[in-house]
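Overview (structure and organization)
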Amino acid sequence: MQRILLRQIAHARSGDKGDSSNVGLIAENEAAYEIIRKEVATENVKKHFKGIVKGEVDRYELPNLLCLNFILHDSLGGGGSESLRNDAQGKTHGQALLLMEIEVPDDLPVQPIKIF
Amino acid sequence: MQEPILIGNGQGFWGDSIDAPKKLIEGGPIHYVTLDYLAEVTMSIMQRQKLHDPQRGYATDFVQLMKDTLPSILDKNIKVIANAGGVNPKACREAIFTVARELGLTGLKIGIVEGDDIVEQLPAMMTKGVELNHMETGEPLTSLKDNVLSANVYISSLPIAEALAQGAQVIITGRATDPGLVLAPMIYEFGWKKDEWDKLAAGTIAGHILECGAQATGGNFTRWWEVPDFANIGYPIVEAKSDGTFVVTKHPGTGGMVTKDTVIEQIVYEMGDPENYISPDVKVDFTTIQLEEDGENRVKVFGVKGSPATDSYKVSISYRDGFKASGTLTISGPDAYAKAQKCGEIIWQRLQDAGCTFEDTNTEYLGLSSSHGEINPIPQQVNEVVLRVSARDSNQKNLLRFGKEIAPLVTNGPPGITGFAGGRPKPQEIVAYWPALIDKNLVKTSVTVEEV
């Protein structure tokens with residue numbers, strides 16, 4: 001087994017829905033989709049976003065797009081215009097999820113982390 | 001009817017690139033240009049403008065855009081659909097007509113769609129027992145008392161299609177849905193019926209992919225280093241067919257890119273339950289969407305399934321909800337983070353000692369943890385950090401006091417603090433958003449087309 005970051009096998013985009021944010025996590029291929037389906041559970045996501053997500057995390061599956069959609073409840077400090085956060089709309093939550101570390105089989109193809 | 005029809009979106013939100021619509025109009029073949037100018041907060045700003053001056057309350061950027069592009073639009077017979085009307089579509093149309101007369105143009109037909117603005121009907125509706133409870137919390141609208149600023153229904157695409165059928169070349173709406181601006185021309189061109197759910201769902205997905213402008217063509221894309229020529233990024237275009245399939249693309253020679261990955265990222269943007277995406281026109285199942293690449297910068301979308309629309313429209317109500325203010329200080333190293341934490345403590349302590357309390361406060365360290373918390377460990381030494389302190393309260397005076405407590409830290413706190421040149425932060429009024437549902441039968445939209 002090897003330890004990798006989600007960003008090595010997936011893409012993500014996030015946005016807001018009231019006081020919740022959503023993060024779409026998109027696997028780069030079917031093998032990676034099976035991995036994220038198994039490894040990226042709602043409780044892992046909640047733990048990863050400790051201090052940011054105050055509520056529950058919901059998860060939906062979109063196998064047609066190799067995608068999981070997470071709803072991070074109570075994650076925007078009130079949301080919209082009420083929020084006092086710099087990122088009041090969860091624009092950065094997608095990138096944050098991609099920093100999650102998971103364990104995957106050694107033979108799973110993964111992208112190298114690009115250094116700039 | 002010609003196939004495919006080419007629809008591009010040149011404005012993803014109020015404040016998006018002012019050059020993008022012009023480039024869509026002039027940079028290659030296009031039949032329709034849609035423009036989204038409205039956010040929840042925008043409606044309340046416009047409502048206040050209209051209260052001060054009955055000739056205001058619409059997106060003035062749109063008038064300037066028309067001034068710059070009307071000759072091309074008429075020359076190429078491009079149709080423009082914009083929710084630029086805000087809370088005053090009539091005044092917006094008059095402004096465009098004035099521009100057309102100044103340019104010596106004739107034969108321009110402008111349609112407006114009205115009926116979405118129900119703010120004046122609210123008291124009567126409440127008396128009749130219409131409930132506009134908050135969609136998530138269930139609270140009654142009466143709890144907002146006199147603080148409501150605007151109330152707008154997200155109307156369906158049918159009245160926009162009707163305006164096209166009446167020959168309008170430019171259509172100005174109020175609170176139409178963003179995807180609806182794109183669906184409407186498909187309904188009109190292809191004669192789609194209001195119960196052809198799969199086709200309406202496909203058109204809605206096309207609109208959803210387009211609605212945030214360049215977010216479908218490489219903007220905000222995860223593998224950003226692969227995106228060519230961001231500076232000249234092309235805005236998205238769909239080539240729509242009558243069977244509901246479409247290709248997402250962009251003008252040749254523009255920057256950015258259209259791949260399965262860039263399109264999927266936009267599909268999942270602001271998504272809730274993927275099997276139940278509800279628009280005024282149709283309910284869409286996102287788990288049915290199929291994509292395939294169809295050459296360079298071309299992605300074909302097909303297979304989209306929809307089901308009957310619900311009996312309700314969503315209403316966007318805005319209301320006054322107190323005040324907030326934020327201030328920042330830049331704190332240099334050594335010990336930047338420790339000093340920033342100390343500054344935060346001092347500010348809140350001084351305010352407390354001055355008898356000033358708040359309904360909510362927030363302390364953030366930009367450069368360290370404001371976006372991602374402690375997902376990555378915070379380094380012991382950083383070169384600098386920006387302290388951002390914020391407060392919210394219903395009493396504006398408390399926030400004025402708060403604004404005075406930041407700059408003093410430069411001389412009476414820890415060393416090496418700068419970045420206070422912007423002056424004292426000013427309280428801004430919070431305009432909050434109240435989503436509700438309303439029976440479709442209670443909302444009457446109207447379409448009028450006039451020619452200059």
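Here, the structure is the one placed above.
Residues numbered from 1 in each chain as written. Chains lettered and ligands numbered in written order. Predicted model: local features only at pLDDT ≥ 70, side-chain atom pairs only at ≥ 80, totals over all residues. Heavy atoms only, no water.

1. A few points about the environment of A:Ser75
All names here are of chain A.
- Examined against the element boundaries, Ser 75 turns out to sit in the loop between β5 (67–72) and α3 (93–97).
- We classify Ser 75 as buried; its relative accessible area is 0%.
- Taking the C-alpha atoms as reference points, Ser 75 and Lys 46, separated by 29 residues in sequence, lie 10 Å from one another.
- With sequence-adjacent residues up to four places away left out, Ser 75 is seen in contact with Asp 19, Ser 20, Ser 21, Ile 52, Val 53, Arg 85 and His 93.
- Within the structure, the side chain of Ser 75 is placed 2.8 Å from the backbone oxygen of Leu 72, a separation counted as a polar contact. (Helix = DSSP H or I, 4+ residues; strand = E, 2+ residues; numbered from the N terminus. Buried < 20%, exposed > 50% of the residue type's maximum accessible area, 1.4 Å probe, protein only. Contact = heavy atoms within 4.5 Å. Polar contact = N/O pair within 3.5 Å; in protein donor to acceptor, adjacent residues only side chain to side chain.)

2. Quick word on the sheet that holds strand β4 (residues 57–62) of chain A
- Strand order in the open sheet formed by four strands is β2-β3-β5-β4 (chain A), and the pairing between neighbours is antiparallel. Across the chains shown, the open sheet's two edge strands, defined by having one partner strand only, are β2 (10–17) and β4 of chain A. Along the sheet, successive strands turn relative to each other by an average axial angle of 20°, direction set aside.
- Here six bridges tie β4(A) to β5(A), and the two strands are oriented antiparallel to one another. Within β5(A), the residue paired with A:Asp58 across the bridge is A:Ile71.
- On top of the sheet, helix α1 (residues 30–39) of chain A reaches β3 (20–27), β4 and β5 of chain A; it is set at about 155° to β4(A), its chief contact.
- Along the sheet face, helix α9 (residues 260–267) of chain B touches β2 and β3 of chain A and points at about 25° away from the line of β2(A). (Pairing = 2+ DSSP bridges. Axes fitted to C-alpha atoms, helices over the stretch in contact; angles between N-to-C directions.)

3. Here we look at the nonpolar core
- Ranked by internal contacts, the top residues of the largest apolar core, which has 72 residues, are B:Met186 and B:Ile209.
- Membership of the second largest hydrophobic core comes to 42 residues, among which are B:Ile25, B:Tyr37, B:Ile172 and B:Tyr235. (Core = buried A, V, L, I, M, F, W, Y, C linked by side-chain atoms within 4.5 Å.)

4. Looking at a nonpolar patch on the surface
- Together, A:Phe116, B:Trp224 and B:Phe230 give the surface a local cluster of nonpolar side chains, amounting to about 360 Å² of exposed area.
- Structurally, A:Phe116 is set in the segment after β6 (101–104). (Patch = residues over 30% accessible without salt bridge, like charges linked within 9 Å, V, L, I, M, F, W, Y side chains within 5 Å. Areas by Shrake-Rupley, 256 points an atom, 1.4 Å probe, with all protein chains shown as cover. Salt bridge = Lys/Arg side-chain N within 4 Å of Asp/Glu carboxyl O.)

5. A closer look at the interface of chain B and chain A
- The partner chain A presents 38 residues to the 47 residues of chain B that form the contact.
- Carbon and sulfur atoms supply 56% of the area that chain B and chain A bury against each other, a total of about 3600 Å² over both sides.
- Run the count over chain B and chain A and you get two salt bridges.
- The closest approach of N and O atoms between B:Glu265 and A:Arg13, which form a salt bridge, is 3.2 Å.
- Seen at the junction of chain B and chain A, the total is 26 residue pairs in polar contact (both at pLDDT 80 or more).
- Going through the elements one at a time, α9, β11 (290–293), β14 (312–332), β15 (360–366), β16 (384–393) and β18 (428–439) of chain B are the ones with two or more residues in the side of chain B that touches chain A.
- The class makeup of the residues in the side of chain B that touches chain A is 19 nonpolar, 17 polar and eleven charged. (Buried area = accessible area lost by both parts, 1.4 Å probe. Nonpolar A, V, L, I, M, F, W, Y, C, P; charged D, E, K, R; others polar.)

6. Remarks on the pattern of salt bridges
All names here are of chain A.
- By the definition in use, this model includes 21 salt bridges over all chains.
- Across the pair Glu 61 and Arg 37 runs a salt bridge, and its minimum N-O distance is 3.3 Å. Of this pair, Glu 61 sits in strand β4 while Arg 37 sits in helix α1, placing them 24 residues apart in sequence.
- You can call Glu 61 partly exposed: its relative accessible area is 31%.
- Overlapping salt bridges bring together Glu 34, Arg 37, Arg 59 and Glu 61 as one network.

7. Description of helix α4 (residues 89–102) of chain B
Residues and elements named next belong to chain B.
- In a regular helix each residue adds 1.5 Å, so 14 residues correspond to 20 Å; α4 covers 20 Å between its end C-alpha atoms and thus fits that length.
- The complete set of buried residues in α4 reads Pro 89, Ala 91, Cys 92, Arg 93, Ala 95, Ile 96, Phe 97, Val 99 and Ala 100.
- Looking at the buried residues of α4, the elements they touch are α3 (60–76), β4 (109–114), β6 (170–172) and β19 (446–451).
- Immediately downstream of α4, the backbone of Gly 104 shows phi near 70°, a positive value. (Expected span 1.5 Å × (residues − 1).)

8. Some thoughts on the packing of aromatic side chains
Residues and elements named next belong to chain B.
- The tally for this structure, following the rule as stated, stands at twelve aromatic pairs over all chains.
- Both rings, one in Tyr 277 and one in Phe 286, keep their centres 4.9 Å apart while their planes meet at 40°; by these two values the pair is tilted. For the pair Tyr 277 and Phe 286, one class covers both residues: buried.
- For the pair Trp 348 and Phe 358, a centre-to-centre distance of 6.1 Å together with 75° between the ring planes defines the contact as edge-to-face. Here the residue Trp 348 occupies a position in helix α10 (residues 336–353), and Phe 358 occupies one in the loop between α10 and β15, the gap between them amounting to ten residues.
- Judged by its relative accessible area of 18%, Trp 348 is buried.
- Residue classification places Phe 358 among the buried positions, given a relative accessible area of 17%.
- Here the guanidinium or amino end of Lys 300 rests over the ring plane of Phe 302, the centre of that ring lying 5.6 Å away.
- The ring of Tyr 313 is capped by Lys 440, whose NZ or CZ atom sits 5.3 Å from the centre of that ring. (Phe/Tyr/Trp six-rings, centres within 6.5 Å; stacked < 30°, edge-to-face > 60°. Lys NZ or Arg CZ within 6 Å of the ring centre and 35° of its normal.)

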